[in-house]
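Coordinates in review
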Amino acid sequence: MTAPRMLIGTLDIGNNIRLLATGFRAIGFDVTTATVAPNGVFYAQDYDLNLADLHAAALESIKHDNYPDWVCDDPRWAALFDYDIYLFVASHTLLPGLLDLPLLKQRGKIVISFQAGSEVRFWQMARTFNAAYGHSFPEGLISRHVNGARDLGAFAGYSRYLDVFANKLHNIRMAERYADLLLSQPCSNVLGVRPYMAAILPVDTQRCTARVPGRERPVVVHAPTNPEFKQSGLIFATLDRLWREGVGFELRLLRNVPNHQVLDALTDCDVLIDQIACGKTGLLGFEGMASGCMVIGCNDEEAAPVPYRSLPVARIAPDNVYDVLKTALTDRVLRVRAAEAGLRYLSLGHHTPQRVAQYILDCLDRSQRGDFDYYPTQLIEQPEFPSEEVVPQHLVQLTWDVLTDFGVAPDADLEPMKARGLVPGDAPSAALPRWDLTNTERLFWGWRGPNAVYPRPRGKGG
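Since we're looking at a predicted model, the values are computed, not measured. (Residues numbered from 1 in each chain as written. Predicted model: local features only at pLDDT ≥ 70, side-chain atom pairs only at ≥ 80, totals over all residues. Heavy atoms only, no water.)

**A look at the side chain of Gln124**
Put simply, the test is: The helix and strand labels rest on DSSP assignments: H or I over at least four residues marks a helix, E over at least two residues marks a strand, and numbering proceeds from the N terminus. Two residues form a contact once any of their heavy atoms are found within 4.5 Å.
Within the secondary structure, Gln124 is located in helix 5 (residues 123-132). Apart from the residues within four sequence positions on either side, Gln124 is in contact with Glu384, Phe385 and Pro386.

**Details of the packing of helix 8 (residues 259-267) against helix 9 (residues 283-290)**
Defined as follows: Angular values range over 0 to 180 degrees, each being the angle between N-to-C directions of two axes fitted as lines to C-alpha atoms, with helices fitted over their stretch in contact. Orientation categories follow fixed angle ranges, with anything under 35 degrees roughly parallel, anything over 145 roughly antiparallel, 65 to 115 roughly perpendicular, and all other angles oblique. Crossings are assigned a handedness: left-handed for a near helix turned anticlockwise from the far helix by less than a right angle, right-handed for a clockwise turn.
Interhelical geometry of helix 8 versus helix 9 gives an angle of 45 degrees and a closest axis separation of 9 Å. By the angle between their axes, helix 8 is oblique relative to helix 9. In terms of crossing hand, the pair formed by helix 8 and helix 9 is right-handed. For the pair helix 8 and helix 9, the contacting residues are Asn259, Val262, Leu263 and Leu266 in the first and Leu284, Glu287 and Gly288 in the second.

**Digging into the sheet that holds strand 8 (residues 219-222)**
The following threshold applies: A pair of strands is treated as paired once DSSP finds two or more bridges between them.
One open sheet accounts for five strands, arranged 9-8-10-11-12; its pairing is parallel. Of all the strands in the sheet, just strand 9 (250-253) and strand 12 (314-315) have a single pairing partner and so form its edges. Both strand 11 (residues 294-297) and strand 12 contribute to a ladder of two bridges, which runs parallel. Residue pairing for strand 12: Ile296 is matched across the bridge by Ala314. Sitting on the sheet, helix 10 (residues 321-330) is in contact with strand 8, strand 10 (271-273), strand 11 and strand 12, with an inclination near 170 degrees to strand 11.

**Things to note about the packing of aromatic side chains**
For the record, the criterion: The rule is short: rings of Phe, Tyr and Trp, with Trp giving its six-membered ring, pair when the centres are within 6.5 Å, and they are stacked under 30 degrees, edge-to-face over 60, tilted in between. Remark: a charge is flagged as sitting over a ring if the NZ atom of Lys or the CZ atom of Arg is within 6 Å of the ring centre and within 35 degrees of the ring normal.
With the rule as written, the count across this model stands at 15 aromatic pairs. An aromatic cluster of three or more residues is present, and its members are Phe122, Trp123, Phe165 and Phe385. Sitting over the face of the ring of Tyr83, Arg5 holds its NZ or CZ atom 4.3 Å from the ring centroid. Sitting over the face of the ring of Trp447, Arg442 holds its NZ or CZ atom 4.1 Å from the ring centroid.

**Some points on the sheet that holds strand 13 (residues 374-376)**
What the three strands build is an open sheet, ordered 13-15-14; its pairing is antiparallel. At either margin of the open sheet sits one strand with a lone partner, and together these are strand 13 and strand 14 (441-443). With direction set aside, neighbouring strand axes in the sheet form an average angle of 20 degrees. Sheet topology places strand 14 next to strand 15 (residues 446-448); three bridges connect them, and they run antiparallel. Its bridge partner lying in strand 15, Glu441 is registered against Arg448.

In structure tokens form, the structure reads like this:
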């Protein structure tokens, strides 16, 4: 039997392309990795396919032709449309603006969208989400720009990270409309209207060297890729206050260095201060655990409830950062116990690439059966975006198509969306399918599904 051919790309956020490729190869897939742009200096840049030049050429053509129908006959792209399954990370696909997704759908391909966070998180909605869980939203990340594009082709020229409402809406709606499986987290997917699955991060613990130093005077590492988002200013101000109060520690700040240097620093530190943010820890936090550090960062159960139950990360928020850091820096026994708990957690193997790859296949099966982790309603119930923003017609239609295909909550009221021009004003909302919310749990952002547990008990939820 021939192994399924899978293409994974095309922007390597958090080393996800390589780790997911490792996992799917381990379970028998024929995997090709592809990139359209380098991701800084953090990880090695070795991929099977480098599509940067072809991607740039496509952008120029799309600007003139508006929509890439020409791709169907272009020999440069023929091989790229010949895979069985496509797994796209962070709203970066083969063509600019995700314009290949409908073409792949027409060809009957399986498409998986793995959302990393910032490509779908819109600041105004995220600010409200954060406030619900005791977090602020960094003022420096608030965008005052509004959309100037009106047609589908024009969105191809936008960076996937441009924090304009229509751009972030375009990113999530294209995935919701055309992907067979959507993986994300509530703290990021604030614009979502389609039920989806939890995104589980793969972690390569073999690249980490575990050592619990147990120093009396701890070494502290902070390694922000985005200091504004991780609220490094508040972290530094708190550390400075503690230093002036006589709390002893050594701070090592890492910026824009290769990942292997970060891992070396983690092996030789006692405490990793990751970030003050709403949600759950990212790859750096897991690398800290795998290296024997006490990890301090984000750990909000309801904001990203699957899969990290009892995650050994000390939660910090603006209202407790001083107390948490003071306790961590002055209690050696606590630091050692926390580090050992992190090592035990990762030893369970929940985040190995192979386990995550199998989890994604399980999610694909569950999605086809209508059994989802998350049912989002924040945008439906309380749409927030600049009053001067005009929502392009293609996004109005995409939103309505998604609602028609995937339904809404039994008590959903679409009047707020109609009032803001997010769906057609005369849309027959009473005819939409309704979600089965039996045994779900109501949260601020929507509902958590009855099988939203990872790892799932044997025989439960597929």
